[in-house]
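The residues making up each chain are set out below.
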Amino acid sequence: MTDPLIEAHLARLRAALFDSYKITDAAKWVTDHTFLNGDRFSFRHHEYQEDILNDPARLLNVQKPAQIGMSELMCRYILALCRIIPNFSVILTFPYSGDAENFMKTRINAVIRDSQELRDNVDPLLDNVEIKGIGTSLL
């Protein structure tokens, strides 16, 4: 069994060395660099989510029949794009400012906290509930 810290470090080195991610690799970036409950994020039992993340369309329309984890998935997706695409900007809109603040605190910050790659690339001067600087990108 390999050490997850070593595995994560090697994945970051490979990505930096080979610039190995493109927009259609968002699902791979998510599984390489984000974690859930201490384990690498997985699409197991939700394989259809990979197709959503790897779609290069500028607009995505996902019609869902039930609670299928789209908020969780979108958090990971936008964070992946912030790392894959230089100088990328994301604007999240909500009906109320309190909703946006709660989403940033409970969803976005949780994914960042569990990912060494994301923690290493958050700009401490742009890190609050209204804005996050992630590498050269803004959320």
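What counts, and where the lines are drawn
Residues numbered from 1 in each chain as written. Predicted model: local features only at pLDDT ≥ 70, side-chain atom pairs only at ≥ 80, totals over all residues. Heavy atoms only, no water. 1 Å grid on protein atoms, 1.4 Å probe; cavity = no way out; pocket = protein on both sides within 12 Å on 5 of 7 lines; lining within 4 Å. Points joined across faces, edges and corners; volume = space filled by probe spheres on them. Helix = DSSP H or I, 4+ residues; strand = E, 2+ residues; numbered from the N terminus. Nonpolar A, V, L, I, M, F, W, Y, C, P; charged D, E, K, R; others polar. Buried < 20%, exposed > 50% of the residue type's maximum accessible area, 1.4 Å probe, protein only. Core = buried A, V, L, I, M, F, W, Y, C linked by side-chain atoms within 4.5 Å. Contact = heavy atoms within 4.5 Å. Salt bridge = Lys/Arg side-chain N within 4 Å of Asp/Glu carboxyl O.

### Points about the layout of surface pockets
Volume-wise, the largest pocket comes out at about 570 Å³. Forming the boundary of the largest pocket are 21 residues, of which Met74, Tyr77, Ile78, Leu81 and Val90 lie nearest the centre. A total of 6 residues in the lining of the largest pocket trace back to one element, the largest contributor, which is helix H4 (residues 70-84). Across the lining of the largest pocket, the residue classes break down as 17 nonpolar, 3 polar and 1 charged.

### Here's the deal with helix H2 (residues 26-33)
Along H2, 6 of the 8 residues are buried, which leaves the element largely enclosed by surrounding structure. Among all positions in H2, only Ala26, Ala27, Trp29, Val30, Asp32 and His33 are buried.

### Some details on the nonpolar core
Nonpolar side chains in soluble globular proteins tend to end up buried together. In terms of nonpolar packing, the biggest core is built from 30 residues, with Leu53, Leu79, Ile108, Ile134 and Leu139 touching the most fellow members. When contributions to this core are tallied by element, the ones reaching two or more residues are H2, helix H3 (48-54), H4 and helix H5 (97-113). Of all the elements, H4 adds the most residues to this core, at 10 residues. Look past the residues within four positions of Leu139 in its chain and what remains in contact with it is Ile78, Leu79, Cys82, Val90, Leu92, Met104, Ile108, Glu130, Ile131, Lys132 and Ile134.

### Notes on unusual backbone geometry
Negative phi characterises most residues that are not glycine, and trans characterises most peptide bonds. Look at His45: it is not a glycine, yet its phi comes out positive at around 70°. Note that His45 resides in the loop between strand S2 (39-40) and H3. Backbone geometry places Asn87, a non-glycine residue, at a positive phi of 60°. Tracing the backbone through its elements, the reader meets Asn87 in the loop between H4 and H5.

### Side note on the pattern of salt bridges
If you walk through the whole model with that rule in mind, you get 6 salt bridges. The shortest N-O distance in the salt bridge between Asp32 and Lys28 comes to 2.9 Å. Taken together, the residues span about one helical turn, with Asp32 and Lys28 both in helix H2 at a distance of 4 residues. Overall, Asp32 belongs to the buried group, its relative accessible area being 15%. Note that Arg76 is salt-bridged to Glu72, the shortest N-O span being 2.6 Å. Separated by 4 residues within a single helix, Arg76 and Glu72 lie in helix H4, roughly one turn from each other.

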